[in-house]
Amino acid sequence: MTITPPPETTAVLAVRALARASRVLERSSADLNLAHYRVLSAIASGDERASRVAQRLALGRPAISAAVDALTKRGLLVRGEVDGDQRATALSLTPSGEELLARTEAEMVERVTGLAARTPDGAQLLETLVRLGSAIDEVMAEKAETKTMTQPR
C-alpha cells in the first residue's frame, strides 16, 4: 500500500514551518533545552504547582517530575510548601533560573525577530504568533475543564 503525502497546502506548509521554528528556538540556547525552557517559563508566568505546569504544557506527571528534578539539581528551581496543602509543592525560579530564563528568552527573541524581519509584515507575524499562543491556552483550558468534569468523584 502506497501512502500519498498530503498536498502542500498553506496549512501543511504552516505546520512544517512551525516544526522548523521549534528547532530554531531549540538551538537558541546551549544551556537550556526547549522542554526545560517551557517549564521555567510556565513557572515564571505564575504556574507554581507542577500539576498546573503539566496541565498548561499538556505533559504527563512523569515528564514534569523529571524536568523539575533536573532543573532543581541544576539550581534553577526550588521547591517550597503551599499554604493549606501539605501534599502540594510550590515551584519557583532561583536567581540563577531567572537569569538563565532571561538570557535564553533574549536569544530566542533575537532569532524570532530576525526571522520575522524577513517576512513581508514581521510585526503582524509576531502578533499572529501571540494570538496562536492564546488560542493554545484556550484549548488547553477547555480540555482540562472537560477532563475535570468527566472524572469520577
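Residues numbered from 1 in each chain as written. Predicted model: local features only at pLDDT ≥ 70, side-chain atom pairs only at ≥ 80, totals over all residues. Heavy atoms only, no water.

1. Details of helix 4 (residues 61–73)
No. 1: Compared with the 18 Å implied by 1.5 Å per residue over 13 residues, the 18 Å span of helix 4 between its first and last C-alpha is a close match.
No. 2: Buried residues belonging to helix 4 abut helix 2 (34–44), helix 3 (50–57), strand 1 (77–82) and strand 2 (85–93).
No. 3: The first or second residue beyond helix 4 is Gly75, which carries a positive phi of 80°. (Helix = DSSP H or I, 4+ residues; strand = E, 2+ residues; numbered from the N terminus. Expected span 1.5 Å × (residues − 1). Contact = heavy atoms within 4.5 Å.)

2. Details of the nonpolar core
Across soluble globular proteins, nonpolar side chains show a tendency to be buried alongside one another.
No. 1: Val39, Leu40, Ile43, Val53, Leu71 and Leu77 are the most contacted members of the largest nonpolar core, which totals 21 residues.
No. 2: Looking at this core, the elements that each hand over two or more residues are helix 2, helix 3, helix 4, strand 2 and helix 5 (95–116).
No. 3: For this core, the element with the highest residue contribution is helix 2, accounting for six residues.
No. 4: Setting aside chain neighbours within four positions, we find Leu77 in contact with Leu40, Ile43, Val68, Leu71, Thr72, Ser92, Leu93 and Thr94. (Core = buried A, V, L, I, M, F, W, Y, C linked by side-chain atoms within 4.5 Å. Buried < 20%, exposed > 50% of the residue type's maximum accessible area, 1.4 Å probe, protein only.)

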